[in-house]
2 protein chains.
Amino acid sequence: MTNSTADRIIDIAESQMRSGGYNSFSFREISKVIGIKSASIHYHFPTKTDLGVAIANRYTERFLEQLVLIKQEVAEPGERLQRYIALFRYALEKDQKMCLCGALASETDILPEPIRLETKRFFEINLDWLNTAVFPDAPEKATITLASLEGALMMSKILDHFEPFEQVGHRLAALFELCSEEKAP
Amino acid sequence: MTNSTADRIIDIAESQMRSGGYNSFSFREISKVIGIKSASIHYHFPTKTDLGVAIANRYTERFLEQLVLIKQEVAEPGERLQRYIALFRYALEKDQKMCLCGALASETDILPEPIRLETKRFFEINLDWLNTAVFPDAPEKATITLASLEGALMMSKILDHFEPFEQVGHRLAALFELCSEEKAP
DNA sequence: GTCTATAATTTGATAGAC
DNA sequence: GTCTATCAAATTATAGAC
């Protein structure tokens, strides 16, 4: 059994969005790839905003599934962090693309409101998870973890090399282990 | 004396690019804002790619000027880092926009080649500067500094709050001061 | 569910007058 | 340098047949 047409539409649109943002996917392009007419896409998703929300929602829900899985399978916070980093590494090395919500967050100002809210939700969910599952003590660590991973994807894409991402992943592990509890001046 | 038309074109296009990326600015929109016809813009910049390169180049050169200035005015690495962080804070709090090259790097795959290369140059220049002026000992720190600052802008934009950026800025300072020299397992 | 046909708008770009 | 006029292409979207 294969995917539904709606799923395939989301597949292709998501891929294009992760490459070039919200203004970089079109009904025509999607229709060419899957071999139907662009008018048919409107049957599944009446407007472009509707499709955009569906894409962001599926992406966030799938990501959340992985977060739940990690929490179930791994108890030790340091190893949970490694598994979390691996989610972003997968995006970079296998998909060779940005995190969808990272690509969208860079365009916050031009996103239709429903898509902006769904993108925001992705970041809130990730911060919540990091705060509870990895850094129960220091809330700022969740922020720098997510920020540096999103930035690392961006840098590895433009520099066309995995090294920036791996350096950040390595540093995050060190940050976790070595600076466990300190105070600022 | 006021700016030249070419400068004003770049001003507006840069602003739109920083809000929504490369596919988010158009000759028509620019022409409306500055009160000339879109055909006139082609006199200054024959193609959209030409304009895009000019925008990225001016942005990078201006940023580089600031980096040189910091190096001249401040000797202490920790204070240099504070001044560096302030460049990004300015982008967020005064312009209320992404770093131009951060917005473009997220769209690496769809950028015309000359724009991609100019964007890449921005990151290379920043890493070079951080490595020589702030972290002469540990090269990976430059990467996590730039990555987390770009990611912090992205997060503060989508979460619509300065807190993520300030948390990252605070953490970077702590990273600099407290984990000055350690080894990983 | 998918098609044809079409509308209305926007886009980057060019030719040539002034 | 800026204009008018125009173009070809791409965009989102709708109406209605099958």
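Predicted model only: the values in this text are computed from it and were never measured. (Residues numbered from 1 in each chain as written. Chains lettered and ligands numbered in written order. Predicted model: local features only at pLDDT ≥ 70, side-chain atom pairs only at ≥ 80, totals over all residues. Heavy atoms only, no water.)

Here we look at the overall build of chain A
Line of reasoning, step 1. Looking only at helices and strands, one finds nine helices and zero strands in chain A.
Line of reasoning, step 2. Sequence-ordered secondary structure for chain A, helices as α and strands as β, is α-α-α-α-α-α-α-α-α.
Line of reasoning, step 3. In terms of overall size, chain A behaves like a compact globule, its C-alpha atoms giving a radius of gyration of 18 Å where 185 residues would be expected to give roughly 16 Å.
Line of reasoning, step 4. Based on the C-alpha atoms only, the size of chain A along its principal axes is roughly 60 × 35 × 35 Å.
Line of reasoning, step 5. Taken across its 185 residues, chain A has 54% of its residues classed as buried.
Line of reasoning, step 6. If you sum the accessible surface of chain A, you get close to 8,200 Å²; carbon and sulfur atoms cover 52% of it.
Line of reasoning, step 7. On chain A, the mean spot of the 21 positive side-chain charges and the mean spot of the 27 negative ones are 6 Å from each other. (Helix = DSSP H or I, 4+ residues; strand = E, 2+ residues; numbered from the N terminus. Rg over C-alpha atoms; globule rule 2.2 N^0.38 Å. Buried < 20%, exposed > 50% of the residue type's maximum accessible area, 1.4 Å probe, protein only. Areas by Shrake-Rupley, 256 points an atom, 1.4 Å probe, with all protein chains shown as cover. Lys, Arg positive; Asp, Glu negative; His and termini not counted. Charge placed at Lys NZ, Arg CZ, Asp CG, Glu CD.)

A look at the relation of the copies chain B and chain A
One copy of the chain maps onto the other through a rotation about an axis followed by a shift along the same axis.
Line of reasoning, step 1. Screw-axis analysis of chain B against chain A gives a translation of 0.0 Å along the axis, an RMSD of 0.0 Å, and a rotation angle of 180 degrees. On the angle and the small slide along the axis, the relation comes out as a two-fold axis. Residue B:Ser148 of chain B places its C-alpha closer to the rotation axis than any other residue of that unit, at 1.9 Å.
Line of reasoning, step 2. Here 100% of the interface residues in chain B have copies in chain A that are interface residues too; the copies meet face to matching face. (Least-squares fit on C-alpha atoms with pLDDT ≥ 70 in both. Contact = heavy atoms within 4.5 Å.)

Quick notes on the protein's contact with DNA strand C
Line of reasoning, step 1. Around DNA strand C sit 15 residues, and of these A:Lys37, A:Ser40, A:Tyr43, A:His44 and B:Lys48 come closest.
Line of reasoning, step 2. For DNA strand C, the fraction of protein-proximal atoms (within 4 Å) that sit in sugar or phosphate groups is 59%.
Line of reasoning, step 3. At a separation of 2.9 Å, a phosphate oxygen of DNA strand C approaches a polar side-chain atom of A:Ser40.
Line of reasoning, step 4. Side-chain polar atom of B:His42 to a base nitrogen of DNA strand C: 3.2 Å apart, as the coordinates give it.
Line of reasoning, step 5. Counting only elements with at least two residues in the surface near DNA strand C, the list comes to α3 (38-44) of chain A together with α2 (27-34) and α3 (38-44) of chain B.
Line of reasoning, step 6. When residues of the surface near DNA strand C are assigned to their parent elements, the largest contribution, four residues, is made by α3(A).
Line of reasoning, step 7. Residues that form the surface near DNA strand C fall into these classes: six nonpolar, six polar and three charged. (Near = heavy atom within 4 Å. Polar contact = N/O pair within 3.5 Å; in protein donor to acceptor, adjacent residues only side chain to side chain. Nonpolar A, V, L, I, M, F, W, Y, C, P; charged D, E, K, R; others polar.)

Observations concerning the side chain of B:Arg18
Line of reasoning, step 1. As for its placement among the helices and strands, B:Arg18 is situated in helix α1 (residues 5-20).
Line of reasoning, step 2. In terms of polar contacts, B:Arg18 uses its side chain to reach the backbone carbonyl oxygen of B:Met98, at 2.6 Å.
Line of reasoning, step 3. Not counting the four nearest positions on each side in its chain, B:Arg18 is found in contact with A:Ser106, B:Tyr59, B:Ala91, B:Asp95, B:Lys97, B:Met98, B:Cys99 and B:Leu100.

Some details on unusual backbone geometry
Line of reasoning, step 1. Positive phi outside glycine occurs at A:Asp160, with the angle close to 60 degrees.
Line of reasoning, step 2. Its place among the elements puts A:Asp160 in the loop between α8 (139-159) and α9 (163-178).

What to know about helix α4 (residues 48-73) of chain B
Line of reasoning, step 1. Helix length check: α4(B) (26 residues) gives 38 Å between terminal C-alpha atoms against 38 Å at 1.5 Å per residue, within 8%.
Line of reasoning, step 2. On its buried side, α4(B) packs onto α1, α2, α5 (77-93), α6 (100-105) and α7 (113-133) of chain B. (Expected span 1.5 Å × (residues − 1).)

Description of the protein's contact with DNA strand D
Line of reasoning, step 1. Taken together, 16 residues lie around DNA strand D, and A:Arg28, A:Lys48, B:Lys37, B:Ser40 and B:His44 are the ones closest in.
Line of reasoning, step 2. In DNA strand D, atoms within 4 Å of the protein come 55% from sugar and phosphate.
Line of reasoning, step 3. A distance of 2.7 Å separates a phosphate oxygen of DNA strand D from a polar atom in the backbone of A:Lys48.
Line of reasoning, step 4. A distance of 2.7 Å is found between a phosphate oxygen of DNA strand D and a side-chain nitrogen or oxygen belonging to B:His44.
Line of reasoning, step 5. Mapped onto the surface near DNA strand D, the elements with two or more residues apiece are α2 (27-34) and α3 of chain A together with α3 of chain B.
Line of reasoning, step 6. Top element by residues in the surface near DNA strand D is α3(B). It accounts for four residues.
Line of reasoning, step 7. Grouping the amino acids of the surface near DNA strand D by side-chain chemistry returns six nonpolar, seven polar and three charged.

Regarding the environment of B:Ile158
Line of reasoning, step 1. Along the chain, B:Ile158 turns up in helix α8 (residues 139-159).
Line of reasoning, step 2. By relative accessible area, which is 0% here, B:Ile158 ends up buried.
Line of reasoning, step 3. When the C-alpha atoms of B:Ile158 and B:Gly169 are compared, they prove to be 17 Å apart, with eleven residues separating the residues in sequence.
Line of reasoning, step 4. Not counting the four nearest positions on each side in its chain, B:Ile158 is found in contact with A:Ala105, A:Thr108, A:Arg116, A:Thr119, A:Lys120 and A:Phe123.

Read these as layout, nothing more, since geometry by itself doesn't imply function.
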